[in-house]
Amino acid sequence: MAELAPVYLITGTDRPKVARALRRLRTRVGEDATEVLSAHEAEGEDVVAACNALGLFAVERRLVVVQDVEHWKAADLKPIGEYLKRPAPTTVLTLVGEEVKPDSALAKAVAKAGDVLVYDLPKRGRKPDLPKWVESQLRERGVLVDADAARAVVELVGDNTDELATEIDKLATWADGERIGEREVAELVPARAEAPPFDLTDAWGRRDVPAALAASERMLERSGDAARDVFLRVTGLLVSHVGRVRDCQALAAEGVPPAAAAERLKRNRFYVQKLYEQAGNFSPEELGDAIVRLAQLDLSVKGGSKLPGELEFTRALIDITQRSEDSRRSPGARGAAGMAPPPTG
């Protein structure tokens, strides 16, 4: 077995791998010989004192773990750097932090005296990249998984890699080397990730009533909160979104292009482009009516109606999403783009 280094820095966005690396060190040295500190409470000088004290009195090798070292200030790093020039011979210092840059002073100091272990998710761990990570984690356990099934795991669990790792372990144990498909994921993985709100706003924006209702149901099922709280939160979300669409519709009527509107509104240009597209699916009157209808829904959910909150919410969502009779008669009308209905006759 390889000799342990006097110091390790363990960092990265792949939190399960970071946890496993730390667990291996603690197992090798022993829990009774491990002291855990937090950078929120222990300054650099405190850590050095702990390392030296352990080194003076311990016959066997000891482990000093410091969590959250990304929060240390420059003043904390100076004594650590001095310590690493002559580390205690029986102490293994292990520093753990999220996304400590390899060119940082701490990483450079550790690299000279020990090892820097970086465990990152693909492309810095953005949610769209997590299905590939799920695939790789299952592959390491000897299990192949369909791409659609890997995406389903992320959709059901969310982007918390610790929770994903738990489900991956469960799936790998169940599969026992066999391939996993979307059906197996649906049966084995409980849905607990909140449904993203843009599923609902996108469905509303394209006036897709079934998709809007399905998105709202997912948000209710996965939130874990009381139904009334979810209805009020989603109503507020829709009010804000419809208001932004109205703003973009007004800017479009003034001849302001999406890119210029994004700068004026201080929002992402791709998001504003989507708002412009959605604004083109509604007349100004429909958007105004939607705001009024959502205000009525808010009052109803807060006790202004004797009907169940779910029924009130469903009726309101249908009302603001479906096309009005006027829009059905004039499908060419596009309020946001300032387009007139196509000529007839």
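The rules behind these values
- Residues numbered from 1 in each chain as written.
- Predicted model: local features only at pLDDT ≥ 70, side-chain atom pairs only at ≥ 80, totals over all residues.
- Heavy atoms only, no water.
- Helix = DSSP H or I, 4+ residues; strand = E, 2+ residues; numbered from the N terminus.
- Buried < 20%, exposed > 50% of the residue type's maximum accessible area, 1.4 Å probe, protein only.
- Contact = heavy atoms within 4.5 Å.
- Pairing = 2+ DSSP bridges.
- Axes fitted to C-alpha atoms, helices over the stretch in contact; angles between N-to-C directions.
- Salt bridge = Lys/Arg side-chain N within 4 Å of Asp/Glu carboxyl O.
- pLDDT = per-residue confidence, 0-100.
- Phe/Tyr/Trp six-rings, centres within 6.5 Å; stacked < 30°, edge-to-face > 60°.
- Core = buried A, V, L, I, M, F, W, Y, C linked by side-chain atoms within 4.5 Å.

Focus on the overall build of the protein chain
The number of helices and strands found in the protein chain is 16 helices and five strands. A buried classification covers 43% of the 345 residues belonging to the protein chain. Within the protein chain, residue pairs in contact and separated by at least 24 positions form 76% of the contacts whose partners lie at least 6 positions apart.

Details of the sheet that holds strand S2 (residues 34–38)
With respect to topology, five strands assemble into an open sheet ordered S2-S3-S4-S1-S5, the strand pairing being parallel. Of all the strands in the sheet, the pair left with one neighbour each is S2 and strand S5 (115–118). Ignoring which end each strand starts from, the neighbouring axes of this sheet average 15° apart. Pairing of strand S3 (residues 62–67) with strand S4 (residues 91–97), which is carried by five bridges, proceeds in the parallel orientation. Pairing of Val65 across the sheet is with Thr94, part of S4.

Here's the deal with the pattern of salt bridges
Between side chains of opposite charge, pairing is possible as soon as their charged atoms come close. In total, this model carries 16 salt bridges according to the counting rule given. Of the charged contacts, one joins Glu184 and Arg183 as a salt bridge, the two residues approaching to 4.0 Å between their closest N and O atoms. We classify Glu184 as buried; its relative accessible area is 16%. Judged by its relative accessible area of 60%, Arg183 falls in the exposed class. The residue Asp202 makes a salt bridge to Lys274 at a minimum N-O spacing of 3.2 Å. On the criterion of sequence distance, the pair formed by Asp202 in helix H9 (residues 197–205) and Lys274 in helix H13 (residues 269–279) is long-range, its members being 72 residues apart.

Considering the confidence of the model for the protein chain
Confidence along the protein chain averages 84 in pLDDT terms, with 88% of residues attaining 70 or more. The lowest-confidence element of the protein chain is helix H16 (residues 325–329), averaging 54 in pLDDT; the highest-confidence one is strand S1 (residues 7–11), averaging 95. Residue range residues 329–345 is modelled with pLDDT below 50. Its contacts to residues more than four positions away, or to other chains, number 18 contacts.

Concerning the pairing of S1
With respect to burial, S1 is a largely interior element, five of its five residues being buried. Of the two faces of S1, the one lined by Val7, Leu9 and Thr11 and the one lined by Tyr8 and Ile10 are each fully buried. Of the strand pairs in this sheet, S1 and S4 are connected by five bridges, and their pairing is parallel. Note on S4: the bridge partner recorded for Ile10 is Val96. The pairing of S1 with S5 spans four bridges and is classified as parallel. When the bridges of S5 are listed, Ile10 appears paired with Leu117.

A look at helix H6 (residues 147–157)
Inspection of H6 places Ala149, Ala150, Ala152, Val153, Val154, Leu156 and Val157 among the buried residues, and these make up the whole buried set. Once H6 ends, the next one or two residues include Gly158, with phi positive near 105°.

Considerations on the packing of aromatic side chains
Within the structure shown, the criterion is met by two aromatic pairs. Arranged with centres 4.4 Å apart and planes meeting at 15°, the rings of Trp204 and Phe282 form a pair that is stacked. Of this pair, Trp204 sits in helix H9 while Phe282 sits in the loop between H13 and helix H14 (284–304), and the two are 78 residues apart along the sequence. Judged on exposure class, the residue Trp204 and its partner Phe282 are both buried. Seen in terms of ring centroids, Phe231 and Phe313 are 5.0 Å apart; in terms of plane orientation they differ by 25°. Their pairing is stacked. Of this pair, Phe231 sits in helix H11 (residues 227–253) while Phe313 sits in helix H15 (residues 309–321); the two residues are 82 residues apart in sequence, bridging distant segments of the chain. What makes Phe231 buried here is its relative accessible area of 6%.

What about the side chain of His241?
Along the chain, His241 falls in helix H11. Among all residues touching His241, those that are not within four sequence positions of it are Thr201, Trp204, Tyr271, Leu275 and Gln278.

Focus on the nonpolar core
Ranked by internal contacts, the top residues of the largest apolar core, which has 35 residues, are Leu200, Trp204, Val234, Leu238, Tyr276, Leu317 and Ile320. Breaking this core down by element, the ones donating at least two residues are H9, helix H10 (209–223), H11, helix H12 (258–265), H13, H14 and H15. Considering every element that reaches this core, the biggest residue donor is H11, with 10 residues. Filtering out sequence-adjacent residues up to four positions away, Trp204 remains in contact with Ala212, His241, Val242, Val245, Gln278, Phe282, Leu287, Ile320 and Thr321. With 23 residues, the next largest nonpolar core counts Leu37, Ala42, Val48 and Val100 among its residues.

Notes on unusual backbone geometry
Not every positive phi belongs to a glycine, and Asp68 is a case in point at roughly 60°. With a relative accessible area of 28%, Asp68 lands in the partly exposed category. In this model, Asp176 sits at a positive phi of 50°, which is unusual for a non-glycine residue. Checked against the element boundaries, Asp176 lands in the loop between helix H7 (161–175) and helix H8 (182–188). Accessibility expressed as a relative area gives 65% for Asp176, which makes it exposed.

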